[in-house]
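The primary structure of each chain is shown beneath.
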Amino acid sequence: MYNKLEKIKELKKERDAVILSHNYQMPEIQDVADVVGDSFELSKKAAEVKASTIVFCGVHFMAECAHILAPDKTVLLPDKTAGCPMADMADVDDLIEKKKEHPNAKVVAYVNTSAKVKAEVDICCTSSNAKEVVDSLDTEEILFLPDKNLAWYISNKTDKKIIPWQGYCITHARVSQEEVDACRSNFPDAPIICHPECSPEIQNKVDHIMGTGAMVRFAKETDAKRIIVGTEMGLIHRLQKEAPDKEFLLLSQSFVCSNMKKTTPDNLLYVLENMENKITLEPEIRERAKDSLVKMLEVRGEAIGSR
Ligand code: 13P
Ligand code: SF4
């Protein structure tokens with residue numbers, strides 16, 4: 001393994017590549033990456049990258065976002081079959097029909113959507129900025145897709161009427177209320193945090209709800225010595241690195257996203273060696289999808305960097 005990771009580091013320089021890793025990637029991948037972050041941080045980073053190649057260690061829609069925001073870079077995805085079942089729950093033709101049913105609504109797409117869907121919406125959001133994005137819009141009705149659980153979370157934080165799509169994350173849907181109850185009685189002093197992709201029943205039982213980037217900040221800032229973490233298991237490695245004096249326990253052992261685990265040192269090395277698995281899009285779709293991503297970055301005053 002050591003040699004493989006060393007080889008990846010060498011090739012990264014030779015290929016003028018930067019490796020971006022989502023917080024859910026396996027520990028070896030996070031450790032070899034240049035940047036580890038949540039969906040928002042990685043989109044922002046992709047837009048600013050100076051290197052000519054981005055290797056995106058995550059799932060397909062994330063690599064697509066990088067390509068959309070940095071179209072003159074080569075974007076490689078180590079395993080092209082690494083998709084997101086939630087993103088697949090929003091079909092562009094269904095969206096076009098739904099928009100006709102709600103002509104007065106603005107449409108917000110969670111970044112966990114295909115580029116074709118992004119091309120049809122007003123603006124994108126991630127779990128870290130969903131409320132800000134929704135509140136920035138000048139309509140009372142918001143059609144929000146694809147995550148019904150994130151939609152529910154925002155509907156409790158905004159005065160706007162949220163019309164939810166019925167998609168969800170199959171990984172975050174696995175945690176049971178009994179698992180939350182068991183953690184609560186076994187570790188009464190430990191705060192329980194969960195991702196807004198968890199169901200309303202779970203969100204109602206935990207102490208704090210936040211995306212993975214906010215979980216990292218919470219872990220560093222809290223006085224608690226032990227934290228129960230309700231999101232994909234890959235984040236535990238990041239948390240342990242960022243807050244080594246604290247103990248992190250997974251809320252459920254079933255929090256494993258098999259798509260996030262498709263990136264391995266082998267396929268990462270392979271794409272760097274062979275410059276394969278390039279992500280490309282039709283320019284027209286790419287440009288329209290870019291508008292909705294750029295609008296999202298602008299909500300927080302983030303300028304688009306060099307492309
Ligand atoms: P964040 O890292 O933005 O919270 O996203 C979670 C997720 O499920 C990405 O697929
Ligand atoms: Fe998709 Fe859920 Fe996996 Fe994230 S954790 S990539 S939302 S299936």
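Before reading further, recall that the structure is shown in the block above.
Before going further, it helps to spend a moment on the sheet that holds strand β6 (residues 123–125). Pairing is parallel across the open sheet formed by 4 strands, whose spatial order is β6-β5-β7-β8. On the outer flanks of this sheet lie β6 and β8 (161–164), each paired with one strand and no other. Between one strand axis and the next, the sheet turns through 30° on average, direction left out of account. Alignment of strand β7 (residues 141–145) against β8, held across 4 bridges, turns out to be parallel. In the sheet register, L143 faces β8, and the bridge partner there is I163.

Our next topic: the nonpolar core. Core analysis: the largest hydrophobic core is formed by 57 residues, its most contacted members being I54, V108, F144 and M296. The element best represented in this core is helix α4 (residues 60–69), accounting for 7 residues. Here M296 is in contact with F40, V111, I123, C124, C125, T126, N129 and V133, once residues within four sequence places are set aside. Counting residues in hydrophobic clusters, the runner-up holds 27 residues, among them V180, C183, A219 and F255.

A separate point is the state of the cysteines. Evaluation of the coordinates by the stated rule reveals 0 disulfides. Residue C124 stays outside any disulfide, its sulfur separated by 6.6 Å from that of C65, the closest cysteine. On the accessibility criterion, C124 (0% relative accessible area) is buried.

A few words on the site of ligand 1. Lining the immediate surroundings of ligand 1 are H22, Y24, D38, S39, F61, M62, N112, S127, H195, E197, G211 and T212. H22 is positioned such that a nitrogen or oxygen atom in its side chain is 2.8 Å from an oxygen atom of ligand 1. The contact in question runs from an oxygen atom of ligand 1 to an N or O atom on the side chain of H195, over 2.7 Å. Coverage of ligand 1 by the protein amounts to 96% of the 300 Å² it exposes when considered alone. Partitioning the shell around ligand 1 into residue classes produces 3 nonpolar, 7 polar and 2 charged.

Parameters at a glance
- Residues numbered from 1 in each chain as written.
- Chains lettered and ligands numbered in written order.
- Predicted model: local features only at pLDDT ≥ 70, side-chain atom pairs only at ≥ 80, totals over all residues.
- Heavy atoms only, no water.
- Pairing = 2+ DSSP bridges.
- Helix = DSSP H or I, 4+ residues; strand = E, 2+ residues; numbered from the N terminus.
- Axes fitted to C-alpha atoms, helices over the stretch in contact; angles between N-to-C directions.
- Core = buried A, V, L, I, M, F, W, Y, C linked by side-chain atoms within 4.5 Å.
- Buried < 20%, exposed > 50% of the residue type's maximum accessible area, 1.4 Å probe, protein only.
- Contact = heavy atoms within 4.5 Å.
- Disulfide = S-S within 2.5 Å.
- Near = heavy atom within 4 Å.
- Polar contact = N/O pair within 3.5 Å; in protein donor to acceptor, adjacent residues only side chain to side chain.
- Areas by Shrake-Rupley, 256 points an atom, 1.4 Å probe, with all protein chains shown as cover.
- Nonpolar A, V, L, I, M, F, W, Y, C, P; charged D, E, K, R; others polar.

Structural measurements only, silent on function.
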